[in-house]
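One letter stands for each residue in the lines below.
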Amino acid sequence: MPHRRHEQGDSGRPRLPAQTTSNLLYSKANTDMVSYEDLLIAQYLEELRKAKGEMKKSRDVPTSPYVQKLPHSDYGYITKRRPASATSSSRPPSGHSHKPKIDAKFIADPTLWDPATPRSSVHRKGRPESAPVRQRSGRSRPLSGTSSISWLYGRRGYSAMRPVSALTGRRIKSQYKKQPTTIRVTAFKNGSRENFIRVAAPTVKIFLEMCTDKLGLPFAARRIFLEDGVEVTDPRDIPLDGEVFVSTGENYKDPYKNIKRNMIISQGAKWTLSGVLIPEDGHIRTRTSKMSKRMKALTEKRRIRIIVYRNGMSTEPVEVVADLNKLDDFLVSCTGKLDLRSHAKVVYDWEGNEITHLTQTPVLDDCLQPGGTAILGPVWVSVGESFSATATLHYIRSIKQVLTDRLKDAERYKTEINYAMQGQKETISITAILSMSEEELYTTFELAEKEISQLKVTLSSLKSKIAAIEEVKIKEETEGANYRMSHIQEFSFDHKLVGRKGLRLKVFENGFYGEGQQFFFNIADALKGTGSDKSGRKRQLQRLLDDLSTNRVFSNPVNPKLTPVARRIFDKYGNEINDILKLEYDQEIWVSFGEPFVTPFLYCLQATFDRAKGYDLGDVNGISREANLESLEHFKSHRDFEAHASYPSEAYEKMRDPVMIQHIKDDLIPTSELSQASHYIQAKKDKSIVLYPEAVITQKVKKDKSLWPMEAQVWVISKRGYIYNKGMPNLCLAVSDTRVEFNISEKEGTSSGFVINMQKATSGNIYQQWKFNPDATISNQAHPDLVVTYTGHKMGDEEAYVPIEGVSSGVRVYLVLMDKLTSKKEASFQRFALKQERFDNLGQWKFNEASNQEWNKQAYSWPAREDGSLNEDYDWPMEGYIIPNAPPLHKSSGKNNLSGMTPLRLMCLKNGEQDLRKAIPVVGPNLTNFLDHCTSLLDMPFAARRLFDQHGNEHFSLTRLKRDDIVYVSCGEAWSDPKLTKAEQQRRFLLSQLSQDVAKIRQYCALRNPENYVLEVEGNLVSGNPIIVNQQWRSGMDDQDDDDKFDTKSRSSKASKAHSKASNARSSKAGSDAASNVTDNELRTSLDFGAQSAHEIAHERSEQRLNQLKWPWERLVNVDNGNLDDDPEANKYTDREMYERYKPAPTPKVSRDTLQRFVFEDGYIACQSNRNLVLGVQEQEGRISQVTLVKRRPDDIHQRFIMRENGEIRSKHGQRTVLTVSLPANEPFSEDEEGRTLTYSGCAVTIQQRKTNMYGKSHQRWHYDAETGHIHAFKTNRYDKEITAANKADVCTYSIAQETEIDQPGYVAEVPMATPTDRQHIKEIRVCTSCARAMRGRYKLQKIRENTEFSCAMGEAKKLKLQQIGSFRVLNGKVDLSEHEAELTLENWEDTLTKLREETSVRTIAKEISVAKTPITMKIMAYKNGEGRLHQGKLICGSSIEGILGQCTYKLGMANAAQKIFTEDGTMVLEIDDLKDWAINNYTSLMADQLQKIMAGSDGQERKMEEENEDETQQPPQRTIENKQPEPIQEEEEEDEIKTITLRTKIQSGINYTYTKLSDHNYELGQDKHFMFEVRACNDAHIALMEEDSDEKDKKMYEVVIGTNNNAKSAIRNKKEGVNRVEYDGRILDGGSFKKFLITWEEGEISLYKELNEEWQTVMSWKDPSPFNINYIGVSTSILASGVWRVEYSENKTRQQERGEGEGQDSPSGGALYTETAEGDQQESDKVNRERQKLLNQVTVPSEDVILRYPIEVWVSSGKEFIPPEKVESKMESQVKKRAFRSTVSLELDIEKHILRNMRARRMEDRSPGKYRSTRSSQQPVVIEGHWQDVTVEEQMKHDTVHKLETHLAEVKNNQKEKKKPLVNISGRLYRQPNTKRVLVYPNGESVERATYVWGDTIEQVLDSAKLRLGMWQPAKYLYNMEGRLIVDFDEINRDELLCVSGGKPFVRPLSSLDGVEIKANWARARKEYGPQGTDFVVEAQPNPKVYVDPYGPPELAMPLEGDNKNSAPVQSK
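Residues numbered from 1 in each chain as written. Predicted model: local features only at pLDDT ≥ 70, side-chain atom pairs only at ≥ 80, totals over all residues. Heavy atoms only, no water.

Chemist: Break down the confidence of the model for the protein chain for me, with residues and values.
Modeler: With 76% of its residues at a pLDDT of 70 or more, the protein chain shows a mean pLDDT of 76. Mean pLDDT across the elements of the protein chain bottoms out in helix H35 (residues 1528-1533) (34) and peaks in strand S49 (residues 1271-1273) (94). Confidence over residues 1116-1125 falls short of pLDDT 50; this stretch has five contacts with residues more than four positions distant or in other chains. For residues 1510-1536, every residue scores under 50 in pLDDT, and the model assigns this stretch 29 contacts once sequence neighbours within four places are set aside. (pLDDT = per-residue confidence, 0-100. Helix = DSSP H or I, 4+ residues; strand = E, 2+ residues; numbered from the N terminus. Contact = heavy atoms within 4.5 Å.)

Written out as structure tokens, the structure is:
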């Protein structure tokens, strides 16, 4: 409402408003009081007057529709009530008193009115306050004269009443001086200065109303107080721009009261010892609130602030304060503040969602809040139009830019704080950081991290908002104005105001797609005159075709008259359009001129990903397929997703609304349902995002952002047959188990096949491996007879799509696997091509072998050759687009077509035949008939199966062969190149056969002993996941297998290379062509480069190559650096450590331990962590059913199991079906695709028929551990596991069980046997399952009866005279695969195979294989060596020494590994054949002895034994060099006769050295011709063989020198220091240990031998042409050498020589002395053998099998020598005797001790006082006898007896104590201190500064080292100490001593050379300074009167003569 200021007089006092006429008429000026009646009447008349004026105004001026009252608001633009400020009481006449005026607001509360308070004053002029300042006709008041809130409370018009001065006739003051009174103050709540407002109001009442609203008072404002507490009621008393306090009726409250009180308390408080003393009036009183709960709740209501934008704008926001519960009020405020043209109706949030309640308003993030009260929003307000995403995107992007800048600043700030924390102040650019303390730095660093984290979260949310709005923006841009005006009702196209909408079409010519032409068609005109029937639709279509023809859309520019006529129109999918009403606006159509539709697009296979939404509906789960409304562009790589074999359990959304549940069941699921068992991919970061992959056929497009992923149409083909999608390489094409029926064409009728979908790539899954056929078809390895077929459906063509029964409603089927189509037209649906368009493989199509030129035109590629093998010319793995409906790969001609029916003649040869002259013509109409003829004509051993041409290409038909072509026929084996030699062909064939046998053994060894396998849920605890077996989880191996599924690239690469090499070596050319050199793991690695640029890929590969060239330790140093890229989020942070510390914890995965724990209750096998999930079968089909995890259902019998005591887990559905582990797939060479040996890990668990045999069913044996929850697999005995593995690995069970008959599965084979009468006899034999497979097709086989025990007959084929047809190729009956022999057998044959691969001779290979012996299983009774037969032996069976030793180590419990096996007589067994021969010989020997005893009788036998004993004593022992060591027992017997001489020879100075004669030490040589000794020396050990007892040089002697020239050479000389007659090069002595030597002389030949491995080895030998006798021996060590000698000799040598047993037999030639004796012994031995053989021939000797039936006693040692059991037993008997002897003495001692104790006890017990007796002694006349304390005579004698027994027992124990050798030989070299010393040496005569360190253990070594280190030009010869003394002995040298090294000159002090240099320097300085005359000086020496000495003569001449001074030191001459 317009109002004016109060008029101001000259004095400046405010004037009161003048009274109007109506107030004067009804006022009572003569009374002091006003009655209520008068007041009511006055107000009533006032209301009538107002009503009358308003009625008149409304009648004259109609109200504008824009100022009408809003329908949802309490306010209006027109206020009918006249404000109180418009009326004012007029000035009363002078001299009259005035009654106070009562305002209406005081009527409600009379206590507020004080009659004594004057409420009016005298006015000089009466004028309405609403009078305008200036009045202009026809114009409204200027904007400056109106209040900002006048539209809310007042009128726009001005008062029409005349001023009071008009009635009185007074002069009116100028209008510009009359200003209305305005209250303009700062208002506070009463008692507070916190909340305030700036208010401007014309009157008090309006002022109070505004304060009530703006200050948020709980009640109406009623009273106004100034700052001093004075209440004011008149606006003139309120100062302008002052401060007032407004209350709701209560009295004034001082806002500073609390502050003043606190100041008084603080000033008056005093500190005392007991605390703070507060004044008496300073106690704080607690007051309770008097406000009710309802009022308190009303006062606590707060309003919120919301940021509001106009829809379509991202600038000029407004802030609106609103109540969350009042949306209408909020819309009203938005309408006013945004200045909308119409009322606001809709509110949108960021993403365009409509807000129906203000509680849905989004809240700004913390980093966007300005501080203080939280602000909501922003929101966009619309008047009804749709949400505009363009402005919102601009707003979000601007905020994103701001936050990005803030993030950069914050990260830079954080980085500099980090520098400050690390002390790097020079890098800090922000000066404020330098002044922070350490605590402030840490606090600021945490705040910076928190701010960065908030900014990143906000930026991430902004990115998601941008992605969500992008689609809305695209829609807005596409629809244009229609999008904004969608709220406006649109007329239908047939409305009378609009009419039918026309068509705008984009027209293309048939077969072309480019820039189409726009064509407009008036559909309303086309419908005129046509009906709605079929003929009418034809006429409408014809009009459209006519318009297309006449409008020159396809006009001919050359000849316009020849314009084509349009006949047909098609859509983009090729569907013909017959009804124009089905055409859409801007639809693309293709016009045909009569020809059929030619597609302009190239269709290809594409992987699509739609959103899969899972709903948990309570009783059942449902999955629906939904379109991707959200953008997936923020997922950059396939690494952001994880593939699952079923729908993830955590992604199900729990539905609780019954209405929604019913809607999903009735509407959503029936139309878009997906199967739970399908494969899905799940986002790793957002688990709620689950995508369903599907392989579709769609239009081929270029790589752009319209596809997700960008390479969804690119497929990668590996050599193993996997077809991966490059955009999502963890998915591949696979065949599902869903079989469907459909109609591909009317001619073919109904066809059935398996649906092809996309599955998670798994290793070794044959359902995911494909084979590419030569006819451009694709088949699967699981179904090789079926091919991939395209159903003809295209993605997006929903009208033409025909639903297929058998699949879920949400699944679309584009590819199926079915039989080949017979129709030629439909055959194109089964042909495919690969189009390669990558830059680096553009020319790969040239390698295809297609004869159809259409393939070359289209640049198509095909992986297979004509023979079916892979084309190695391509770059593998192949990459490109898979194109359906490909043209035929080979173009057929009429001539070739007839070749399949017209007989064709070919020249046939056997496979590998080299002689072309042996070719036989064979004629046949087709391949089958042709091969049948070849079998008989070529005399093939088996049926002909394969056909090859001259180049090795296999042909599957005769169509491509020409007449009289040379072909090769095989029985199934690979092609053998005839160009190779016959030998090479045979070599390859033999190696291939052997490789396959070794592969079978390897697979058996890998599967024979499965341990620690338990049940496990694959993947996660989700219904539908399969059940497998896996290794039991242990601590430390959690989830490492998960990541390790395609683990380590290096191991996989190495294994694949090894597998490739083995495949190339074991297979032929055809097989090698199909082999794979690249694993799928490497393929996935190469696919990871797909998202990188070429530059980045080059860097990656170069780094890989560089890493391979590094050393292992270099690679280990940086092994963790590669992990930085595993977490891409970490690369965004500069401080990785801080990121790792504060990064959010990853989503916990289910541990493998949880997946392996089950509980068995009520017949259910349930998961321990979720007992609602149990083991069951989803669909019971066939004899084998997959066991999966299902939800528990009480009515499902397939979920119930019975656990039997025998380990079976039977299904309650069928008692003959049990839980079974499916054995691993039997792949070539028993390895998986990564080159690793097959195991049971990951094998599925199925329900199969129960096996009844005892062995061969270990995969059906389980054990449930109720305590741990594990269900262990393969819980059975060893035989059962091995027989099961043998049946799986195709290994004969005879190699495991040998002749033992066991209950196993097998067959009875009827084998024809030849008889002497040439008649065939059928013999039934029992064979195992593996051998039966090899016999299949040759003999009649029948399954053996159950529970029949037998041994496979093929193991004894030779014994049974059967043809060897076993499971092996060449190793039948030649292997032993028993428990301890299997690994050894495998190792042996692998080594043999490796060696034979290097062999080139076929005969050698065949011989090595054929001579392999049949393993002989020996039974032994094993004892420990040294224990004899004191302990029970262990029965052990084995076929090799290594295996027997391994078993002995385990069964005998030996501490160390067994190494040696000895028989009873001490023979060491090295081979199993030796043990067999010994057993047979021993048996025959014992048998011969028994026969001799029987025939000769006991007496004669005793006589014979005595004679033999005499002969043995007379026979001299045959002691040779090889058997020189006697037995240990003999050593003990002869120990007293052998003595040892130990000599020590010292270093001898000078050249002449002397010998130490052995004769001086009681050593006599006698008649011996040899000398044996041991010596320990570093070098120069000399032995003299002398004729006389003298070592002079002129005496005859032979000198044997060992280790001369620093132990580098040995020699034999003919005299002392003579010429070397023979030399030996090599180090032979050892200064740290004794070396044993033997010197022999016989007929002048001197020989030296050394002991090596207990055998004599010849060192050197020389024969003297003129020998002499050797009678004496001497030993010595030469200069600079010392040694220790040990010589053994016998004291009884003379007697032994007389008996012929001298030591001379130890020499190698000593046997010649006993030639006659040896010959006699040999004759006697032969005679005895002949007699024994004669006896054995008289009886029947048992066969070897009978002899070897009983175990052989052997003794096993860990390396020690054999100890005979008799010796052990005798030793034990001796110990028993000694123990009995000790026991006797000990028992006697115990008895005597017991008697002695009893005697003492009786004496003590009697306590006899004794008797007094007199004596003759004067000193002791009376003595006491028999006192109890005195020892009796008997007791003393007994005590002496005990003492003697104790002494005797100690002597017995001491004598019986065995001497034990020390465990450690302290005298050994290990415990001897090294003699090496380090010294400091320098050259003689030079400075000490040149000294350097050298090491050595002899003087020679020190001199040699010094020469090298000092670089001396002549050899070092002498060592001097610093005193100049020559060092001769090495012991004189101290460690780290400074020594002087001389080359032969005498010692020169180191300073003398320095003095010479100094003299020369002084001489040069003098001549330089004083000239040449400076050195011309004369020295006069004082002569010596006694001796004349030349002072300048030589030093030698200056020395006194030797005779002159005898006490002087000797002079050393040079």
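Next, the rest of the story.
Chemist: Which residues make up the sheet that holds strand S44 (residues 1201-1203), and what are the values?
Modeler: Pairing is antiparallel in the open sheet, where five strands are placed in the order S42-S47-S46-S45-S44. Two strands bound the open sheet, and with one partner strand each, they are strand S42 (1185-1186) and S44. Relative to strand S46 (residues 1214-1221), strand S45 (residues 1209-1211) runs antiparallel, the two being bridged by two bridges. Paired with Ser1211 across the two strands is Gly1214, which belongs to S46. (Pairing = 2+ DSSP bridges.)

Chemist: I'd love a proper account of the pairing of strand S68 (residues 1672-1677), names of residues and values included.
Modeler: In terms of residue burial, S68 counts as a mostly covered element, since five of its six residues are buried. Summarising the sheet, strand S59 (residues 1556-1557) and S68 pair through two bridges and their orientation is antiparallel. Directly across from Thr1556, in S68, lies its bridge partner Val1675. The pairing of strand S61 (residues 1581-1586) with S68 spans six bridges and is classified as antiparallel. Across the sheet, the residue bridging to Ile1583 is Val1675, located in S68. (Buried < 20%, exposed > 50% of the residue type's maximum accessible area, 1.4 Å probe, protein only.)

Chemist: So what's going on with the side chain of Asn1253? Which residues, and what values?
Modeler: Note that Asn1253 resides in the loop between strand S47 (1245-1249) and strand S48 (1262-1264). A residue is classified by how much of its surface remains accessible, and Asn1253, at 13% relative accessible area, is buried. Other than its neighbours up to four places away in sequence, Asn1253 contacts Asp1303, Gln1304, Pro1305 and Asn1347.

Chemist: Tell me about the packing of helix H40 (residues 1765-1806) against helix H41 (residues 1833-1856), and please be specific about residues and values.
Modeler: Two numbers describe how H40 lies on H41: the axes approach to 9 Å, and their chain directions differ by 160°. Relative to H41, H40 is oriented roughly antiparallel. The two elements H40 and H41 meet at a crossing, and its hand is left-handed. Among the residues forming the contact of H40 with H41, the class breakdown is ten nonpolar, five polar and twelve charged. (Axes fitted to C-alpha atoms, helices over the stretch in contact; angles between N-to-C directions. Parallel < 35°, antiparallel > 145°, perpendicular 65-115°, else oblique. Left-handed = near helix turned anticlockwise from the far one by under 90°. Nonpolar A, V, L, I, M, F, W, Y, C, P; charged D, E, K, R; others polar.)

Chemist: Please give an account of helix H5 (residues 204-214) that cites residues and values.
Modeler: Of the positions making up H5, those classed as buried are Val204, Ile206, Phe207, Leu208, Met210 and Cys211. Just beyond H5, the residue with positive phi is Gly216, at close to 65°.

Chemist: Tell me about the packing of aromatic side chains, and name the residues and values.
Modeler: The full count for this structure, using the stated rule, is 45 aromatic pairs. Here Trp855 and Tyr860 contribute two aromatic rings whose centre-to-centre distance is 5.7 Å and whose plane-to-plane angle is 85°, an arrangement assigned as edge-to-face. The residues Trp855 and Tyr860 share a single accessibility class, namely buried. The structure contains a cluster of three or more aromatic residues connected by ring pairs, namely Phe188, Phe196, Phe225, Phe245 and Tyr252. The ring centre of Tyr881 lies 4.5 Å from the NZ or CZ of Lys700, which sits over that ring. (Phe/Tyr/Trp six-rings, centres within 6.5 Å; stacked < 30°, edge-to-face > 60°. Lys NZ or Arg CZ within 6 Å of the ring centre and 35° of its normal.)

Chemist: Tell me about a positive patch on the surface, and please be specific about residues and values.
Modeler: Where like charges cluster on the molecular surface, the positive patch consists of Lys534, Arg537, Lys538 and Lys582. Tracing the backbone through its elements, the reader meets Lys534 in helix H14 (residues 534-550). Among the residues examined, Lys534 registers a relative accessible area of 59% and is labelled exposed. (Patch = residues over 30% accessible without salt bridge, like charges linked within 9 Å, V, L, I, M, F, W, Y side chains within 5 Å. Areas by Shrake-Rupley, 256 points an atom, 1.4 Å probe, with all protein chains shown as cover. Salt bridge = Lys/Arg side-chain N within 4 Å of Asp/Glu carboxyl O. Lys, Arg positive; Asp, Glu negative; His and termini not counted. Charge placed at Lys NZ, Arg CZ, Asp CG, Glu CD.)

Chemist: Outline helix H28 (residues 1278-1289), listing residues and values.
Modeler: If you check H28, its first and last C-alpha atoms are 16 Å apart, about what twelve residues at 1.5 Å a residue would give, namely 16 Å. Looking only at H28, the buried set comprises Asp1280, Lys1281, Glu1282, Ile1283, Thr1284, Ala1285, Ala1286, Asn1287, Lys1288 and Ala1289. Downstream of H28 by a residue or two, Asp1290 has a phi angle that is positive, lying close to 60°. (Expected span 1.5 Å × (residues − 1).)

Chemist: Go over unusual backbone geometry with me, naming the residues and quoting the values.
Modeler: A negative phi angle characterises most non-glycine residues, just as the trans form characterises most peptide bonds. Residues Gly377 and Pro378 are joined by a peptide bond in cis, for which omega reads -5°. Within the fold, Pro378 resides in strand S11 (residues 375-382). Of note in the backbone geometry, Ala859 takes a positive phi value of approximately 60° without being a glycine. Since its relative accessible area comes to 19%, Ala859 is described here as buried.

Chemist: Which residues make up the pattern of salt bridges, and what values go with them?
Modeler: All chains considered together, the criterion is met by 65 salt bridges. Linking Glu1208 and Arg1261 is a salt bridge whose minimum nitrogen-to-oxygen distance equals 3.3 Å. Here the residue Glu1208 occupies a position in the loop between S44 and S45, and Arg1261 occupies one in the loop between S47 and S48, the gap between them amounting to 53 residues. Each member of the pair, Glu1208 as well as Arg1261, carries the same accessibility label: buried. Among the ionic contacts, a cluster of salt bridges with common partners joins Arg1008, Arg1278, Glu1282, Glu1379 and Glu1383.

Chemist: Can you lay out the side chain of Lys1476 for me, pointing to particular residues and giving the numbers?
Modeler: Summarising the element assignment, Lys1476 is placed in helix H34 (residues 1472-1514). In this structure Lys1476 comes out as buried when scored by relative accessible area, which is 15%.

Chemist: I'd like a rundown of a negative patch on the surface, residues and numbers included.
Modeler: A surface patch of negative charge is lined by Glu1387, Asp1391, Glu1442, Glu1471, Asp1474 and Asp1477. Counting only elements with at least two residues in the negative patch, the list comes to helix H31 (1382-1397) and H34. Note that Asp1391 resides in helix H31.

Chemist: An account of the packing of helix H19 (residues 982-1007) against helix H32 (residues 1402-1410) is needed here, citing residue identities and associated values.
Modeler: At a closest axis distance of 9 Å, the pairing of H19 and H32 adopts a crossing angle of 30°. Our classification of the angle between H19 and H32 gives roughly parallel. Like other packed secondary-structure pairs, H19 and H32 cross with a definite hand, here left-handed. Facing Ala983, Glu984, Gln986, Arg987, Leu990, Leu991 and Leu994 of H19, the residues of H32 in contact are Val1402, Ile1405, Ala1406 and Ile1409. Tallied by class, residues from the contact of H19 with H32 come to eight nonpolar, one polar and two charged.

Chemist: I'd like to hear about the sheet that holds strand S56 (residues 1434-1438), residue by residue, with values.
Modeler: Spatial ordering of the open sheet is given by S56-S55-S70-S57, a layout of four strands whose pairing is mixed. The open sheet has two edge strands with one neighbour each: S56 and strand S57 (1460-1462). Going across the sheet, the axis of each strand differs from the next one's by a mean of 40°, ignoring polarity. Both strand S55 (residues 1418-1424) and S56 contribute to a ladder of five bridges, which runs antiparallel. Looking at the pairing, Met1421 lines up with Leu1435 of S56. Lying on the sheet, helix H33 (residues 1441-1451) is in contact with S55, S56, S57 and strand S70 (1752-1757); it crosses S56 at an angle near 155°.

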